[in-house]
Structure formats: structure tokens, C-alpha cells
Amino acid sequence: MRRNFVRALGAVGLSAALLGMAACQDAGSDDTTDSAACGGKIAIFGAFTGPNAGLVIPSLNGAKLAVKQFNAANPDCKVTMQDFDTQGNADQATPIANQVAQDQSFTSVIGGHFSGESKATMATYDAAGLVMVSPSATAAELTTLGHKNFFRVVGNDDTQGEAAVTYIKNVLKGQKVFVIDDGQTYGVGIIDKVKAGLGATVAGSDKVQTDQQNFDATISKIKSAKADVIAYGGYTNEAAPLLKQARAAGVTAKFLGFDGLYDPGFPKGAGAAADGAVVTCPCLPAAEAGGTFSADFTKEYGEAPGSYGAEGYDGATILLEGYKAGKKTRAELQEWVRAYDKQGVSKYLKFAENGDVDKSKVVIWSYDITGGAFKAQQEIKLS
């Protein structure tokens with residue numbers, strides 16, 4: 001159902017769909033909205049530089065593409081977007097949140113891209129009445145904290161963890177799984193889900209630290225556990241040297257990471273050691289995205305969309321359509337997102353009361369690494 005509908009969009013193309021919204025109108029009304037009331041300003045924040053930026057740049061570029069196309073199709077409803085680089089660091093995201101919240105020209109936010117920075121800033125944006133639409137923050141706890149302003153267009157780590165357990169059992173045939181997390185919101189959350197799902201199959205566990213470079217102690221534990229699979233929850237900066245050192249030390253266990261490693265920097269940093277590694281992601285392969293998105297992205301940036309490119313486009317489009325419908329205040333845009341119910345390029349977009357995207361629409365894929373490049377492997381079916 002999802003693929004048939006998504007592919008049907010390709011016949012008309014995203015550009016034509018945007019052009020079809022040429023008159024600025026209130027949702028559910030035939031009356032033309034005054035052009036002065038149409039448009040607004042979006043803040044987008046995330047790790048746009050730094051060691052983990054490769055995971056986020058496709059999403060940023062997807063959002064930029066959506067804004068560019070929208071403005072070209074709607075010259076009387078101009079939307080601007082300002083990006084704020086946090087390097088994925090919660091401490092850097094916090095003052096940015098304060099700045100954006102106090103600047104009344106901003107009426108919506110795309111982000112965070114990482115779970116830690118999202119958790120650190122949610123209360124600030126919520127108090128200011130600013131809606132947050134996240135393309136890639138997946139920690140399950142983010143939608144349990146009581147904030148009414150946070151929505152995400154991807155499945156959370158409960159669903160990704162469930163899919164990873166299925167993959168480890170059915171594809172990797174893991175008998176002794178060694179699990180590792182980086183101590184951060186995202187890494188701890190997804191590894192806890194994997195441990196719960198694997199039960200006695202977990203043969204050992206360890207934690208690494210941010211910016212750690214020597215992993216001898218962890219590698220010794222992996223060897224002692226006689227692990228045949230390693231499951232790693234965290235980001236490229238630590239995972240790449242860990243895997244490289246493990247292979248150099250003779251560890252042959254299969255390596256599985258999660259969407260935090262769906263980053264060109266991971267195979268680049270790990271080198272030949274990355275070949276054969278697998279990552280899971282609640283994000284679509286470029287070829288699976290709806291309409292003309294992939295072709296438009298490739299034309300704009302000279303490369304196919306990577307991790308969360310389609311989701312970044314969808315996150316921006318939800319807000320852009322709100323501005324188009326004449327929503328101009330922070331409160332109006334928050335309610336617009338809450339009520340959103342429409343096909344996107346990554347999936348059908350409809351949100352539960354807590355801000356999670358409808359679980360029935362969540363898609364999890366596995367990607368393997370060959371010759372330093374990610375290749376879509378298979379969709380992992382959820383129960």
C-alpha cells in the first residue's frame with residue numbers, strides 16, 4: 001500500500017504538486033489568504049559540522065531543497081530557514097534554543113537531529129510555544145517526557161531495536177551477542193531495547209566514552225565473551241576506531257550498528273574494517289522515496305540523498321504547507337503539525353498524541369557496507 005501510493009506520486013512529480021498550491025489559502029477554505037499573512041521563518045539545528053555531521057547533512061539538504069522548491073512555486077508566500085550548527089552537542093544546542101525561543105521572528109523549528117540535543121532543548125522550545133519537527137532523533141524516551149511540541153517523522157528506537165533483534169536472530173544467527181553503548185541518550189536507549197529483546201543471547205556488554213580513542217579494554221571483553229555478533233549503539237566518532245582496532249586485534253564477530261552510524265564518515269574512519277558491517281535505519285533508501293524527490297535531490301547536490309534526506313524534506317514540507325495554509329503564529333503551526341495527515345516522500349505522515357509518527361507507517365531498513373559504501377539490503381518487517 002505504501003509503495004504503490006508513493007510510486008504513484010512519481011507520475012505527477014513533487015514540483016507539480018507544489019505548483020498546484022499556487023494560491024495561498026486557509027486549510028479547508030476557498031478564500032484566498034492575504035499574501036502579507038503568508039510565509040514565515042524556520043530554525044533548523046543539528047550537527048552540521050564535526051565528526052558526526054555526515055549523518056545529518058543529507059537531512060539539512062533535504063530541508064533546504066523543500067524550502068527552495070516551495071519558494072519558487074509560491075513567490076507570494078516566502079519562507080526563510082536559518083540553520084544553527086550544534087555539532088550534535090547538547091551543551092551547544094541549549095544556548096541556540098534560548099536564542100531562537102526569544103526571537104519572535106522564528107515560528108517553527110526543524111530538529112533536533114540527535115536525541116541528546118533534542119532532549120536538552122525540548123523544554124525551552126515548549127515553553128516558548130515553538131513546534132519541533134525532528135527528522136532523525138529516535139530515542140524512545142523523547143515522546144514520554146510530557147512535552148506537547150515535539151514531533152518526529154521517523155520511528156523511535158523501540159521499533160528500530162525490535163527490528164534489530166529480528167535481524168540479529170534471523171539473518172546474523174547470533175548466538176553470543178556483545179552489546180556496546182556510548183553512554184548517551186540515543187545509544188543507551190537502543191541498546192537497552194536490544195538487550196531486552198535478546199535476553200540470554202547477550203554474552204556481555206560494555207560502555208565507551210565520548211572521544212575515546214583506545215578500546216583495548218572493550219576488545220578484551222569481546223574476546224572473553226567469544227561473541228559472534230557485536231551490536232553498537234552510538235555514533236561514528238567512537239565506533240569507527242573501535243571497529244578498526246577490533247579487526248586489527250583479530251575479532252571476527254559480525255558488526256551491527258544503528259542509524260547513528262549511517263554516515264559516510266563511519267566506513268571512511270574504519271577503513272577496510274568496515275566492509276561487511278551492517279547498520280539499521282528507520283530511513284528509506286533513495287530509490288524508495290516518493291515522487292521526484294531523489295532525482296531532484298541528486299540534481300541539486302550532485303549526489304543521491306543519504307541518511308534522512310527524505311525525512312528532512314518531509315519535516316520541512318509539513319511546516320511549509322502550514323505556512324501556505326495561512327498559519328503564522330507559533331500556536332497555529334503547532335496545531336497544524338498535530339493534525340497533519342498526509343502522504344510524504346518517506347512515508348505516510350500522521351502523528352500519535354505523544355508526537356510519534358504512526359507506528360504502522362514506520363519502515364526499518366538494513367544497509368551493509370562494501371568497498372566503503374552503504375548499500376540498501378532489505379526492509380526488516382515489524383511484528
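Counting of residues starts from 1 at the beginning of each chain's written sequence and follows it residue by residue. Reporting in this predicted model follows two pLDDT cut-offs: at least 70 for local features of residues, and 80 or more for side-chain atom pairs to be given and counted; totals over whole chains, interfaces and linings ignore these cut-offs and use all residues. For the side-chain quantities, the full set of heavy atoms in the structure was used; hydrogens and water were omitted.

Note the following rule: UniProt positions are given in the numbering used here, feature names are shortened, and annotations may be inferred rather than shown by experiment.
If you check an unreviewed UniProt entry, the protein chain appears there as Branched chain amino acid ABC transporter substrate-binding protein from Winogradskya consettensis. The UniProt entry for the protein chain carries the following comment under Sequence similarities (unreviewed entry): "Belongs to the leucine-binding protein family."

### Structural notes on the overall build of the protein chain
Using the following cut-off: Counting from the N terminus, the helices are the DSSP runs of H or I reaching at least four residues and the strands are the DSSP runs of E reaching at least two. Our radius of gyration looks at C-alpha atoms and nothing else; its globule reference is 2.2 Å times the residue count to the power 0.38. Only protein chains enter the accessibility calculation, which uses a 1.4 Å probe. A residue is then buried if its area is under 20% of the maximum for its type, exposed if over 50%, and partly exposed in between. Throughout, a residue-residue contact means that at least one pair of heavy atoms, one from each residue, lies within 4.5 Å. Computed with a 1.4 Å probe, the accessible areas rest on the Shrake-Rupley method; for each residue, only the protein chains presented here act as cover. Note on charges: Lys and Arg go in the positive column, Asp and Glu in the negative column, and His and the chain ends are not counted at all. A charged residue contributes its charge at one atom only: NZ of Lys, CZ of Arg, CG of Asp or CD of Glu.
For the protein chain, the count of helices and strands is 13 helices and 14 strands. Rg of the C-alpha trace for the protein chain: 21 Å, near the compact-globule value of 21 Å for 383 residues, within the 12% margin. Burial statistics for the protein chain: of 383 residues in total, 56% are counted as buried. Counting only contacts in the protein chain whose residues sit at least 6 apart along the sequence, the fraction spanning at least 24 positions is 71%. Accessible area of the protein chain: about 14800 Å², with a carbon and sulfur share of 51%. Taking the average location of the 36 positive side-chain charges in the protein chain and that of its 41 negative ones, the two points are 6 Å from each other.

### What about the sheet that holds strand β8 (residues 229-233)?
Quick note on the threshold: Pairing between strands is defined by DSSP: at least two bridges between the two strands are required. To define axes, lines are fitted to C-alpha atoms, for helices over the stretch in contact only, and angles between the resulting N-to-C directions are given on a 0 to 180 degree scale.
Strand order across the open sheet formed by seven strands is β7-β6-β8-β9-β10-β13-β14, with mixed pairing between neighbours. With one partner strand each, in any of the chains shown, β7 (202-207) and β14 (373-380) form the two edges of the open sheet. Pairwise comparison of adjacent strand axes, ignoring direction, gives a mean angle of 25 degrees for this sheet. Of the pairings in the sheet, the one linking strand β9 (residues 254-257) to strand β10 (residues 278-281) comprises two bridges and is parallel in character.

### So, helix α13 (residues 330-338)
Test applied: The arc in question is formed by the directions pointing from the helix axis toward the C-beta atoms.
Among the residues of α13, Arg330, Leu333, Gln334, Trp336 and Val337 are the ones counted as buried. For α13, the arc enclosing every buried residue in end-on projection is 160 degrees, short of the 170-degree limit, so these residues lie on one face. Residues of α13 that are buried sit in contact with α4 (90-102), β3 (108-110), β4 (132-134), β5 (150-152) and α12 (309-324).

### What to know about the pairing of strand β13 (residues 364-370)
The buried fraction of β13 is high, at six of seven residues. Where β13 and β14 come together, seven bridges link them in antiparallel fashion. Considered in β14, the bridge of Asp368 is made with Lys375. Here β13 folds back onto β14, and the loop between the two strands holds two residues, one of which, Gly371, carries a positive phi near 60 degrees.

### A closer look at the packing of α4 against helix α5 (residues 115-127)
Here is the rule: Angular relationships are summarised with four words: roughly parallel below 35 degrees, roughly antiparallel beyond 145, roughly perpendicular across 65 to 115, and oblique for the angles in between. Less than a right angle of anticlockwise turn of the near helix away from the far helix marks a crossing as left-handed, whereas a clockwise turn marks it as right-handed. Think of it as three bins: nonpolar holds Ala, Val, Leu, Ile, Met, Phe, Trp, Tyr, Cys and Pro, charged holds Asp, Glu, Lys and Arg, and polar takes everything else, Gly as well.
Where α4 meets α5, the axes come as close as 9 Å, and the angle between the chain directions of the two elements is 25 degrees. Taken together, the axis directions place α4 and α5 in an arrangement best described as roughly parallel. Pair α4 / α5 crosses with right-handed handedness. Residues Ala90, Ala93, Thr94, Ile96, Ala97, Asn98, Val100 and Ala101 of α4 form the contact with α5, whose own contacting residues are Gly116, Glu117, Ala120, Thr121, Thr124 and Tyr125. The class makeup of the residues in the contact of α4 with α5 is eight nonpolar, five polar and one charged.

### Observations regarding the UniProt feature "domain: Leucine-binding protein" (unreviewed entry) in the protein chain
UniProt feature "domain: Leucine-binding protein" (unreviewed entry): in the numbering of this structure it lies at residues 41-335. Structurally, residues 41-335 is divided into 44% helix and 16% strand, and its ends, taken at the C-alpha atoms, are 17 Å apart.

### Digging into the state of the cysteines
Our working definition: When two cysteine sulfur atoms lie within 2.5 Å, the pair is treated as a disulfide.
One pass over the full model with this rule turns up two disulfides. Each sulfur in the disulfide pair Cys38 and Cys77 lies 2.0 Å from the other. Judged by the sign of its S-S torsion, about -75 degrees, the cystine formed by Cys38 and Cys77 is left-handed. On the criterion of sequence distance, the pair formed by Cys38 in the loop between α2 (14-19) and β1 (40-46) and Cys77 in the loop between α3 (57-73) and β2 (79-85) is long-range, its members being 39 residues apart.

### Description of unusual backbone geometry
Going from Gly111 to Gly112, the amide bond is cis rather than trans, its omega being -5 degrees. Of note, Gly112 is situated in the loop between β3 and α5. Even without being a glycine, Gln87 presents a positive backbone phi close to 55 degrees. You can see Gln87 is positioned in the loop between β2 and α4.

### What to know about the packing of α3 against α12
Packing of α3 against α12 leaves a shortest axis separation of 7 Å and a crossing angle of 35 degrees. Crossing handedness for the pair α3 and α12: right-handed. Along the contact surface, α3 presents Pro58, Ser59, Gly62, Ala63, Leu65, Ala66, Val67, Gln69 and Phe70, while α12 presents Gly309, Gly312, Tyr313, Ala316, Thr317, Leu320 and Lys324.

### Focus: the packing of aromatic side chains
Definition in use: Stacked, tilted and edge-to-face are the three classes assigned to paired rings of Phe, Tyr and Trp, where Trp is represented by its six-membered ring and a pair needs centres within 6.5 Å; plane angles under 30 degrees give stacked, over 60 edge-to-face, the rest tilted.
The tally for this structure, following the rule as stated, stands at 13 aromatic pairs. Measuring from centroid to centroid gives 4.4 Å for Phe114 and Tyr235, while their planes differ by 25 degrees, and the two rings are stacked. Here Phe114, found in the loop between β3 and α5, pairs with Tyr235, found in the loop between β8 and α9 (236-248); they are 121 residues apart in sequence, far enough to count as distant. When sorted by exposure, Phe114 lands in the same class as Tyr235, which is buried. Centre to centre, the rings of Tyr262 and Phe374 are 4.9 Å apart; their planes meet at 65 degrees, and the pair counts as edge-to-face. Here Phe374 lies in strand β14 and Tyr262 lies in the loop between β9 and α10 (265-270), a separation of 112 residues in the sequence. Residue Tyr262 is classed as buried on the basis of its relative accessible area of 10%.

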